[in-house]
Amino acid sequence: MATDITLDDLPDLARGAALLGTGGGGDPYIGLLLVSEELRRGRTIRLLTTDEVDDDDLVVASAFMGAPTVVVEKIPSGDEPVTALRTLERRLGRAVDAIIPMECGGLNSMIPLLVAARAGIPIVDGDGMGRAFPELQMETFGVYGVSGSPIAICDSNGHTTVIDTGVDNKQMEWLARGVTIRMGGVSYIAEYPMTGAEVKRTAIPGTMSLALALGRCIREAREHHRDPFDALGQALERSIYGSGRVLLEGKVIDVERSSSDGFVRGTATVSTFDGDTAVTLTFQNEHLVAHHDGRVLAIVPDLISVLDAQTANPITTESLRYGQRVKIFAMSTPPIMRTPEALEVFGPQAFGLHDPWTPVEALAPV
């Protein structure tokens, strides 16, 4: 049933989206401020279930693109993603009926809300990643036959461009990445124009509601002096994701991180407090794999997030620092993300990883 996103919902939604962002997707705080201001001005955000979208509606995915560290340094005005949407509408020759998040993680949960508020159109409760991924072709929309093109791209100066690579979503990503780099490392996009019927067939349903529920369960557990990690596990068991568990508790003892080619890449090592056990995380904007002594504990597309050990607040890859006390939390993915077609697009080999994919619930703990 359709609902309105309220001002009170936003902190919980941002917290849950940061968790599903698996360290990437950008820090949602900046987007939270922008969306909050729109709601204070009296604008509304209507959240539709995938079933409530008419089959012949035009739905477009909205997001920012680029290195999350750059967004922190180049704070958007909020006009950029709306300009991208209007540019794509002109190209398509018709108005967009609804927005859908490209990904439900981090800042990219907030950008579509901002567009929905400013454009006065609803947002669909679902997305194309079920988490955050670093590349545009890594979406269930594309996995199941939707073309990402044409894509409209806008920078902080209002400059726009449209790229159309037909059905070649990987080429679309490559060209859009180059444009984004030349726009200063971050841009705002409107992509994957599709019908409501295609949304119902290809989107991961309910992920915005899930982000809101996960963020709320963390807050409520803390308020009632319960373990937020237990609360997370229970909430995930009730969702299409199925499970979540702590892989390791300890402190960050090493971080290597650099920005190149529009991505933040690196590794982070977390050691138990006694120093006997360590887990190394490899990331490309998002955490991709967790290793212990060369053994895989969790691997993409399953979710790996680093959370503050006391508060369970998610920590993005650009915010990881030496000495932080954290828990590494892993989550399984919905079945739509585990098909052979999906694994070919965003499984381990798509990132150049040599380890095969094994469901996180089937892997042995540390």
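Above this text you will find the structure in question.
Throughout, residues of each chain are indexed from 1 in the direction in which the sequence is written. Residue-level local features of this predicted model are given only where pLDDT is at least 70; pairs of side-chain atoms are given and counted only at 80 or more, and the full residue set underlies all totals for whole chains, interfaces and linings. As a rule here, side-chain values come from all non-hydrogen atoms in the structure, and water together with hydrogens is ignored.

1. Thoughts on helix α1 (residues 9-20)
And step 1. An ideal rise of 1.5 Å per residue puts 16 Å on 12 residues; α1 measures up with 16 Å between its terminal C-alpha atoms.
And step 2. The buried label applies to any residue whose accessible area, calculated with a 1.4 Å probe on protein chains only, is under 20% of its type's maximum; exposed applies above 50%, and partly exposed to all values in between. In this description a helix means any DSSP run of H or I spanning at least four residues, a strand means any run of E spanning at least two, and both kinds are numbered starting from the N terminus. Burial in α1 covers these residues: Asp 9, Leu 10, Asp 12, Leu 13, Ala 14, Arg 15, Gly 16, Ala 17, Ala 18, Leu 19 and Leu 20. For a helix, the expected span equals 1.5 Å multiplied by the residue count minus one.

2. Points about the pattern of salt bridges
And step 1. Salt bridge, as used here, is a side-chain nitrogen of Lys or Arg placed within 4 Å of a carboxyl oxygen of Asp or Glu. The tally for this structure, following the rule as stated, stands at 18 salt bridges.
And step 2. Note that Arg 91 and Asp 164 form a salt bridge whose closest N and O atoms lie 3.3 Å from each other. Taken together, the residues Arg 91 in helix α4 (residues 79-92) and Asp 164 in the loop between β8 (160-163) and α7 (169-182) connect sequence positions 73 residues apart.
And step 3. With its nearest N and O atoms 2.8 Å apart, the salt bridge here joins Arg 177 to Glu 173. Of this pair, Arg 177 and Glu 173 both sit in helix α7, four residues apart, which is roughly one turn of the helix. One exposure class covers both Arg 177 and Glu 173, and it is buried.
And step 4. Via salt bridges that share partners, Glu 37, Glu 38, Arg 41, Arg 43, Asp 79 and Arg 118 belong to a single interconnected network.

3. Some thoughts on the state of the cysteines
And step 1. When two cysteine sulfur atoms lie within 2.5 Å, the pair is treated as a disulfide. Enumeration over the complete set of coordinates arrives at zero disulfides.
And step 2. Here Cys 104 stays free of any disulfide, with the sulfur of Cys 217 as its closest cysteine sulfur at 15 Å.
And step 3. The class of Cys 104 is buried, set by a relative accessible area of 0%.

4. Overview of the packing of aromatic side chains
And step 1. For Phe, Tyr and Trp, where Trp contributes only its six-membered ring, two rings pair if their centres lie within 6.5 Å, and the inter-plane angle classes them as stacked under 30 degrees, edge-to-face over 60, or tilted in between. Applying the stated criterion across every chain, the model contains four aromatic pairs.
And step 2. Considering the side-chain rings of Phe 141 and Tyr 192, the 5.6 Å spacing of their centres and the 55 degrees angle between planes classify their relative orientation as tilted. With Phe 141 in helix α6 (residues 140-143) and Tyr 192 in strand β9 (residues 186-195), this residue pair connects regions lying 51 residues apart in the sequence. With respect to class, Phe 141 is no different from Tyr 192; both count as buried.
And step 3. Measuring from ring centre to ring centre gives 6.3 Å for Phe 229 and Phe 329, while their planes differ by 50 degrees; the resulting arrangement is tilted. Residue Phe 229 is found in helix α10 (residues 228-237), and its partner Phe 329 is found in strand β18 (residues 325-331); the two are separated by 100 residues along the sequence.

5. So, the pairing of strand β14 (residues 286-292)
And step 1. Here β14 lies mainly inside the structure; six of its seven residues are buried.
And step 2. Between any two strands, at least two bridges found by DSSP are needed for them to pair. The sheet contact formed by strand β13 (residues 278-284) and β14 spans five bridges and is antiparallel. Each residue of the ladder has a partner; that of Gln 284, found in β14, is Glu 286.
And step 3. Bridge analysis of β14 against strand β15 (residues 295-299) gives four bridges, and the strand direction is antiparallel. What sits directly across from Ala 290, in β15, is Ala 298.

6. Considerations on the nonpolar core
And step 1. Buried Ala, Val, Leu, Ile, Met, Phe, Trp, Tyr and Cys residues form a nonpolar core when they are joined through side-chain atoms within 4.5 Å. Counting residues in each nonpolar core, the largest one holds 82 residues, and the members touching the most others are Leu 20, Ile 45 and Leu 113.
And step 2. The element best represented in this core is helix α5 (residues 107-119), accounting for nine residues.
And step 3. Not counting residues up to four positions away in its chain, the partners in contact with Ile 45 are Thr 3, Asp 4, Ile 5, Val 35, Leu 39, Leu 113, Ala 116, Ala 117 and Ile 123.
And step 4. In this structure, Val 59, Ile 204, Val 300 and Leu 363 belong to the second largest nonpolar core, which totals 42 residues. Here a residue-residue contact requires only that any non-hydrogen atoms of the pair lie within 4.5 Å.

7. Some thoughts on unusual backbone geometry
And step 1. Here the bond from Ser 149 into Pro 150 is cis, since omega is -5 degrees, no more than 30 degrees from zero.
And step 2. Here Pro 150 shows up in the loop between α6 and β7 (151-154).
And step 3. The linkage connecting Val 300 with the following residue, Pro 301, adopts the cis geometry, with an omega of 15 degrees.
And step 4. Structurally, Pro 301 can be placed in the loop between β15 and β16 (303-308).
And step 5. Its identity as a non-glycine residue notwithstanding, Ala 312 has a phi of 65 degrees, on the positive side.
And step 6. Considering the arrangement of structural elements, one finds Ala 312 in the loop between β16 and β17 (314-315).

8. Notes on the environment of Pro 301
And step 1. When its relative accessible area of 0% is taken as the criterion, Pro 301 is described as buried.
And step 2. Spatially, the C-alpha atom of Pro 301 lies 32 Å from that of Leu 7, the residues being 294 residues apart in sequence.

9. Observations concerning the packing of α1 against α5
And step 1. Direction vectors running N to C along α1 and α5 enclose 140 degrees, while the axes themselves pass 8 Å from each other. Overall, the two elements α1 and α5 adopt an arrangement that is oblique. In this structure, α1 uses Leu 10, Leu 13, Ala 14 and Ala 17 to contact α5, whose residues at the interface are Ser 109, Met 110 and Leu 113.
And step 2. All residues other than Ala, Val, Leu, Ile, Met, Phe, Trp, Tyr, Cys, Pro, Asp, Glu, Lys and Arg, Gly among them, are scored as polar; the first ten of these are nonpolar and the last four charged. Its residues placed into classes, the contact of α1 with α5 shows six nonpolar, one polar and no charged. Axis definition: a line fitted to C-alpha atoms, over the contacting stretch in the case of helices. Angles run 0 to 180 degrees between N-to-C directions. Throughout this description, any angle smaller than 35 degrees is read as roughly parallel, any larger than 145 degrees as roughly antiparallel, any in the 65 to 115 degree range as roughly perpendicular, and the remainder as oblique.

10. Quick word on the side chain of Asp 127
And step 1. Turning to its location among the elements, Asp 127 is positioned in strand β6 (residues 126-127).
And step 2. Residues counted as positive are Lys and Arg, residues counted as negative are Asp and Glu, and His and the chain ends are not counted. One buried charge, Asp 127, has no salt-bridge partner; the nearest side chain with opposite charge is Arg 131, at 8.6 Å.
And step 3. Here a polar contact means two N or O atoms within 3.5 Å. Within protein one must be a hydrogen donor candidate and the other an acceptor candidate, and residues neighboring in sequence count only if both atoms are side-chain atoms. Here Gly 130 takes part through its backbone nitrogen, which lies 2.7 Å from a polar atom of the side chain of Asp 127.
And step 4. Dropping the residues within four chain positions of it, Asp 127 is found in contact with Ile 100, Pro 101, Met 102, Glu 103, Cys 104, Thr 140, Phe 141, Ala 203, Ile 204 and Thr 207.

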